[in-house]
Structure formats: structure tokens, C-alpha cells
Amino acid sequence: MSVELCGIDAPELKQREAPRQALAHEAKQKLLKLIAATDNQLMIVPVAKDSDGRTVAEVMAHGQGEAEISFQEELLKNGLARTRDFSVECPNQLAFEQAEKIAKASKLGIWNQSNLERH
């Protein structure tokens, strides 16, 4: 199943002719670490289908102490994504916006001035 993370726009690795975007590798590594930390037990909450037929979803997992980990929030808090408007609003969109504010205030990732110039 091909899944697009709902509510965010993360830097992408090279696709077709487009070059790799700044921090794409870091965003991918963060996702891989999140998956590994949850023993590949993910919760995919479908929200819609995109024009390419991919499932647009919120992706979560149970972390230590049974707390839920939102993959979107983790990317946003680390400055490895920005919020994005979809025609369908994600159930946790407000939490995503708060996570983005945290990264902006801390000047993390894409919000770091040196990364803004490359992005």
C-alpha cells in the first residue's frame, strides 16, 4: 500500500527529474527510526485517496508507555516537514500546526536560516 502522510509536506528524495530537496535524507531517516522503534506495528488511519490513488492517512504507532506517536507530528516538531492544506482536513491538523510552531520557534530543520536558503 502506498501512503501519503496527511496534512504535511516533507522534503522529497529525487523523483523523476526533480532533484532531492534539502533535508529529504534526514526526514527519511527519522521515519525509518520511528518505524524501527515501533517494531513495524503501525496504525494507518485513512483519510482520503489522492489523485494518484495513494491512501492519504495519518500514521501512528504505540511508543513506550503506550503513548501514541504521530509520525506527522514527529516530522513537524523536528522541522523535517511543514503543514500543508489538503482538500480533506486531517483529524489531528491542530496538533500538526502546534508541532510546526514548536519547530519554527526553535529554528529546527527547514526553519533554520541556513536550511531555508537551501530549501
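Along each chain, numbering runs from 1 in the same order as the chain's sequence is written. The predicted origin of the model limits local features to residues at a pLDDT of at least 70 and limits the giving and counting of side-chain atom pairs to 80 or more, whereas totals for whole chains, interfaces and linings rest on all residues. Heavy atoms throughout the structure, all of them, feed into the side-chain values; hydrogens and water do not.

**Observations regarding the environment of Ala 67**
Point 1. A run of H or I in DSSP becomes a helix once it reaches four residues, and a run of E becomes a strand once it reaches two; helices and strands are each numbered from the N terminus. Its place among the elements puts Ala 67 in the loop between strand E4 (55–62) and strand E5 (68–70).
Point 2. Once residues within four sequence positions are removed from consideration, Ala 67 is found in contact with Ala 61 and His 62. Contacts: residue pairs with any heavy atoms within 4.5 Å of one another.

**A look at unusual backbone geometry**
Point 1. Positive phi, normally seen in glycine, also occurs at Lys 107, with a value near 55°.
Point 2. Among the structural elements, Lys 107 can be located in the loop between helix H3 (93–106) and helix H4 (113–118).
Point 3. Accessible area is worked out with a 1.4 Å probe on protein chains only. A residue is then buried under 20% of its type maximum, exposed over 50%, and partly exposed in between. Lys 107 sits in the exposed class, given a relative accessible area of 55%.

**Notes on the state of the cysteines**
Point 1. A pair of cysteine sulfur atoms is labelled a disulfide when the two atoms are within 2.5 Å. Across all of its chains, the model carries one disulfide by this definition.
Point 2. Disulfide pairing places Cys 6 opposite Cys 90 at an S-S distance of 1.5 Å. The chirality of the disulfide connecting Cys 6 with Cys 90 is left-handed, given an S-S dihedral of about -105°. Here Cys 6 is found in the loop between strand E1 (3–5) and strand E2 (8–9), whereas its partner Cys 90 is found in the loop between strand E6 (82–83) and H3, with 84 residues between them in sequence. Cys 90 matches Cys 6 in its accessibility class, with the two residues each being buried.

**As for the packing of aromatic side chains**
Point 1. Between rings of Phe, Tyr and Trp, where Trp is taken as its six-membered ring, a pair exists when centres lie within 6.5 Å; planes separated by under 30 degrees are stacked, by over 60 edge-to-face, and by other angles tilted. Following the criterion strictly, the structure yields zero aromatic pairs and no others.
Point 2. Counting as a charge over the ring demands two things of the Lys NZ or Arg CZ atom: a distance within 6 Å of the ring centre and an angle within 35 degrees of the ring normal. Against the face of Trp 111 rests Lys 104, its NZ or CZ located 4.8 Å from the ring centre.

**Thoughts on the pattern of salt bridges**
Point 1. Each reported salt bridge corresponds to a side-chain nitrogen of Lys or Arg within 4 Å of a carboxyl oxygen of Asp or Glu. All chains considered together, the criterion is met by seven salt bridges.
Point 2. Its salt-bridge partner being Glu 74, residue Lys 77 comes within 3.3 Å of it at the nearest N-O pair. You can see Lys 77 and its partner Glu 74 sitting in helix H2 (residues 71–77), three residues apart, about one turn around the helix.
Point 3. Judged by relative accessible area, which is 31%, Lys 77 ranks as partly exposed.
Point 4. Residues joined by salt bridges that share partners form a network here, namely Glu 4, Asp 50, Asp 52, Arg 54 and Arg 84.

**Points about the side chain of Glu 74**
Point 1. A relative accessible area of 19% places Glu 74 in the buried class.
Point 2. Here a polar contact is recorded for every N or O atom pair within 3.5 Å, except that within protein the pair must consist of a potential hydrogen donor and a potential acceptor, and residues adjacent in sequence are included only if both atoms are side-chain atoms. Separated by 3.3 Å, the side chains of Glu 74 and Lys 77 make a polar contact.

**With respect to the nonpolar core**
Point 1. By nonpolar core we mean a set of buried residues, namely Ala, Val, Leu, Ile, Met, Phe, Trp, Tyr and Cys, connected to one another through side-chain atoms within 4.5 Å. Judged by nonpolar contacts, the single largest core of 20 residues is most densely connected at Leu 5, Ile 8, Phe 71, Leu 75, Leu 76, Leu 80 and Ala 81.
Point 2. Discounting residues that sit within four places of it in the chain, Leu 76 has contacts with Ile 8, Ala 81, Arg 82, Thr 83, Phe 96, Ala 99, Glu 100 and Ala 103.

**So, H3**
Point 1. Look at H3: 20 Å from first C-alpha to last across 14 residues, which is about the 20 Å you get at 1.5 Å a residue.
Point 2. Every buried residue of H3 is listed here: Gln 93, Phe 96, Ala 99, Glu 100 and Ala 103. In an axial view of H3, the angular spread of the buried residues amounts to 115°, which keeps them on one side of the axis. Pointing more than 90 degrees away from the buried face of H3 are the exposed residues Leu 94, Lys 101 and Ala 105.
Point 3. Count one or two residues on from H3 and you reach Lys 107, which has phi positive near 55°. To estimate how far a helix should extend, the number of its residues minus one is multiplied by 1.5 Å. Comment: arc refers to directions from the helix axis out to C-beta atoms.

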